[in-house]
Each structure stands twice: as structure tokens, then as C-alpha cells.
Amino acid sequence: MRVAIFGTGYVGLVTGTCLAEVGHEVVCVDIDQAKVDGLGKGVIPIYEPGLEPMVKANHAAGRLRFTTDAAQAVAHGEVIFIAVGTPPDEDGSADLQYVLAVARTIGTHLQKPAVVVDKSTVPVGTADRVRETIARTLAGRGAQVKFDVVSNPEFLKEGAAVEDCMRPDRIVIGADNPEAVETLRRLYAPFNRNHERVVSMDVRSAELTKYAANAMLATKISFMNEIANIAEKVGADVEMVRKGIGSDPRIGWHFIYPGAGYGGSCFPKDVQALARTSQQHGHAPTLLDAVEAVNERQKGHLFELMLRHYGDVSALRGRTVALWGLAFKPNTDDMREASSRRLLQQLWEAGAKVRAFDPEAMEETRRIFGERTDLVLCDSAEEALQGADALVVITEWKQFRSPDFDELGRRLADAVIFDGRNLYEPDDVEAAGLAYYGIGRGR
Ligand code: UGA
């Protein structure tokens, strides 16, 4: 089928590439000429495992094209995706200006029937606004073209986006017209072979499904962080508690890992946006507010553990802290809402110096913070330890999982590790003569 995709961020680029991979003819549109030129030459602006070879192969095969020419893309697409960003507004609600700008562009250029698909995470009711915007723009130019607006939220995880897209666990299609559902079923048929993955529903339910999924996952994390904090107070080990509850299939093993708080471009933004939607409709989002508040507090927890160890904030002045991990999670270079950002600010305010290493996010860190005398960007985890007093681990990259604790004991002047993702066994660390602080581990 012929597909146009507006927006070449995570969602648009991955979706477009995977649709091309199964044989569709995809045109990706972006307003950023440099990005489009780069993509045409195989330069991928994000780090996502498996994406680069797939983009190159499909581009070379002519199934995946990149352009800034919106008119050409609209003319091409029987299915037109809107996959542009929805950054948070000042009040936390989703800013729809980019989505609606694309709707106007579609209305300006549409000549033949098409199914317009909202792929971006957008508040309930957005499909109606997109429909109205396209209809108004068409009317403005005196055109009459049949079109549908469908909600088809994505559930990709950064770092596993290609895999998630190629093997989706569900394909949610929210449409009010059965013909539009049929069109999307045909589009997704290659991903829907062995058992039925399509869940079709009305538009508003599909829009809410996306927020409900992310808010539920964020709730699980905040819940476990709350339990971790209680565990610390009562002298229990949250890792034991996690193992003790995860085997109950009603609870499950996923997303019950306590840590330094959730980050990324989705959970923080989506929990807030759903809370705003709820308020706007006269419902007080008590639980969602608590999920966010717990997460905000949790992002400061590693620093609190440091204060507990060092006694007070003045003791951090002049110290050098090795920081392993900067990205909001492993297998990505994304630093949006990353817990490391909060910790860096806190350490700098306390007068400490940081030697940081992340396998992918070094460039992004340099872009965000620029040159600073209190931040040394290191080429390896090893190098970050040079002259360091303490080690903090904040992202659970595989390569940080089994360090030589004896070596760390020799290298770290204050002989202390703060483990923000509970990667290590406290006994192993302490056996090497180091002090250990984890999340909710009673020490
Ligand atoms: C999330 C969802 O998992 C995807 O299903 C969704 O499609 C995506 O948002 C989106 O809306 O686009 P993502 O933000 O890439 O995906 O990352 P996750 O793997 O969900 O992790 C989010 C944060 O939660 C990370 O900071 C991670 O460290 C933290 N986390 C995760 C925990 O602290 N504990 C856990 O048990 C799991």
C-alpha cells in the first residue's frame, strides 16, 4: 500500500521503516531539510538498535523515501500517518500545535480519498479536532474529498522499538467507520499473521487506551518505589519483596523494578497529560497525581542516600563522583527527563565534580550541558573512576552489571557505591570493603 508519514522522530521513523520492510511504499515527510537529507544518506538521528541497516536497505530498495515536500507525500498516501511530537504545554497538557499543523497541510493538499491516522500520543478528542481541521481546510479551498481519521496509538519501547514494531503484541485501531478499519487491517496484515492482534474500538477509547497503558506502567513503577522507601524505613529488602510478589500472575514480573525514578519522553509527559485531561473534564486524578509526585521524589533519592552517607551537603563540596549511566534507560541515547539530570544538578549545586560515562549518551550530554569545569565526560566506565571518591550507577546498561568490586575498592577513595538500579548484591560489594547503598535495600 502507499503510505505517507508526517514526522521522522522515533515513532514516525520506526513505523515508516517497518512498514517499508514488509513491502509498503512509504514516504516520510519532515520539515527539517537537514534531517531529511541525512536520512536519505543513511544518517539516523537517533540511536535505536537495528534501525540503521533497515532504513538503508529499504531506502536502497526504493520502498522508503524521505522528503520535505508535503504535497507530494499527501498525493502519495492512501494512508497518511501523523507522527509528529506532542510536547507538554506549560500546564502539562499535550501541545497539539504540530499535530494540527499537519492536519491543515493534509487539508491543503488532499486530492483523493485517504485514511488519516493519529499515531502520536494525543489527548482524547484529538481525532475530532484533526477531522474538523482537515474538513475546514478542504472547505476553505472549495474541495470535497472523502477522508477518515483513525486513532492507532503506538506502544514502542525505546531501545526495542524495531522489535516491538515488527512483532506487536496488539494493534489498536480506533475508528468510527468500518471501511477505515478494513484499510488498516490490510496495512497491518503482515504483522498480524499467527494470531489476531487487532483490537478495534471507537476512536476515543483508542486514544484513552494509549494513556491508560503508559499510566498503568508508570503506576507500577511508582508503587514499587513507594514500597522501596517503606522497606528502607522498616529494615526490609525490596528486592526480596519484588521476588515475593512477581510470581503472582496478577502482579507479574514486569515494571516492578524500583530505581531512581522513571524518565523518558513518554511516562512523565503522558501521566501529566492524562491528569490534565481528567481535570479538564471535572475528575480529580488523585492516583495519577500521586504517581507523579512519587516519581518526582524518587528522582532525588540517590542524592538523599549520598547525604545519609556523607552526613550533610557541605561534605560533598570538592568531592569527585563517578557516574555510570546518563540515558533515561539502557539501549538509548535519550536523556529526556532522565534521572541523571536531576542528580547532576544536585551534585553541582553541592560543589561536587562529576566524571560521567554512558555507552551512547555522551554526545547528547555534551549537547545539553556544554563545557563545564565540574563535568568530565569520559570515554569508558573505567576512565570515570580515575580520581573518583564514590561511584553512582543510574542506568542499568549491561556493561555495568558485573564490575570487579576489589578493583573498585582500591580505586574509590571513599569506598562507597550508590546503586540507583539495584544491580549489585550488597554482600558482594561489602565483601570488597565498600559501603553499599541501593534502593529500598535497608542499606
Ligand atoms: C514507554 C512504554 O513502555 C511503551 O510501551 C510506550 O510505547 C512508550 O513509553 C511510548 O509511549 O512511546 P519507554 O519510554 O521507551 O516506553 O521506556 P520504558 O522501557 O517503558 O521505561 C520508562 C522508564 O521507566 C525508564 O526510565 C525505566 O528506567 C523506568 N522503569 C521501567 C523502572 O524504573 N522500573 C521498571 O520496572 C521499568
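Residues numbered from 1 in each chain as written. Predicted model: local features only at pLDDT ≥ 70, side-chain atom pairs only at ≥ 80, totals over all residues.

Under an unreviewed UniProt entry, the name given to the protein chain is UDP-glucose 6-dehydrogenase, and the organism recorded is Luteimonas soli. Among the UniProt annotations of the protein chain, the heading Pathway (unreviewed entry) holds the following wording: "Nucleotide-sugar biosynthesis; UDP-alpha-D-glucuronate biosynthesis; UDP-alpha-D-glucuronate from UDP-alpha-D-glucose: step 1/1." Turning to the protein chain, the UniProt annotation filed under Catalytic activity (unreviewed entry) states: "UDP-alpha-D-glucose + 2 NAD(+) + H2O = UDP-alpha-D-glucuronate + 2 NADH + 3 H(+)". (UniProt positions renumbered as here; feature names shortened; annotations may be inferred.)

To continue, consider the site of the ligand. Taken together, 20 residues surround the ligand, and among them Glu-158, Tyr-257, Tyr-262, Gly-264 and Cys-266 come closest. Ranked by residues supplied to the shell around the ligand, first place goes to helix H9 (residues 203–234) with 3 residues. The residue inventory of the shell around the ligand, partitioned by class, reads 11 nonpolar, 5 polar and 4 charged. Both domain 1 (2–201) and domain 2 (211–296) contribute no fewer than three residues apiece to the shell around the ligand. (Near = placed C-beta within 6 Å. Helix = DSSP H or I, 4+ residues; strand = E, 2+ residues; numbered from the N terminus. Nonpolar A, V, L, I, M, F, W, Y, C, P; charged D, E, K, R; others polar. Domains from an automatic or database assignment.)

Taken in spatial order, the 6 strands make up an open sheet running S11-S10-S9-S12-S13-S14, and their pairing is parallel. Both edges of this open sheet fall to strand S11 (375–377) and strand S14 (435–437), since each of them pairs with a single strand only. Direction aside, neighbouring strands of the sheet carry axes that sit 20° apart on average. The sheet contact formed by strand S13 (residues 416–419) and S14 spans 3 bridges and is parallel. Following the sheet pairing, Phe-418 is matched in S14 by Tyr-437. (Pairing = 2+ DSSP bridges. Axes fitted to C-alpha atoms, helices over the stretch in contact; angles between N-to-C directions.)

To continue, consider the UniProt feature "domain: UDP-glucose/GDP-mannose dehydrogenase C-terminal" (unreviewed entry) in the protein chain. When the UniProt feature table is mapped to this numbering, "domain: UDP-glucose/GDP-mannose dehydrogenase C-terminal" (unreviewed entry) covers residues 322–426. End-to-end, the C-alpha atoms of residues 322–426 are 19 Å apart, and along that stretch the chain is 30% helix and 18% strand.

Its domain assignment divides the protein chain into domain 1 (2–201), domain 2 (211–296) and domain 3 (300–437). Taking only C-alpha atoms into account, the centre of domain 1 sits 30 Å from that of domain 2. With 10 residues of domain 1 at the contact, the number on the domain 2 side is 9 residues. Here the residues of the side of domain 1 that touches domain 2 sort into 5 nonpolar, 3 polar and 2 charged. (Contact = placed C-beta atoms within 7 Å.)

Relative to the 20 Å expected for 14 residues at 1.5 Å per residue, helix H11 (residues 267–280) spans 20 Å between its end C-alpha atoms, a close match to the ideal helical length. H11 sits mainly inside the fold: 10 of its 14 residues count as buried. Of all the positions in H11, only Phe-267, Pro-268, Lys-269, Asp-270, Val-271, Gln-272, Ala-273, Leu-274, Ala-275 and Thr-277 are classed as buried. Along its buried surface, H11 packs onto H9 and helix H12 (286–299). Looking one or two residues past H11, Gly-282 carries a phi angle of roughly 80°, positive in sign. (Expected span 1.5 Å × (residues − 1). Buried ≥ 20, exposed ≤ 12 C-beta atoms within 10 Å, placed from the backbone.)

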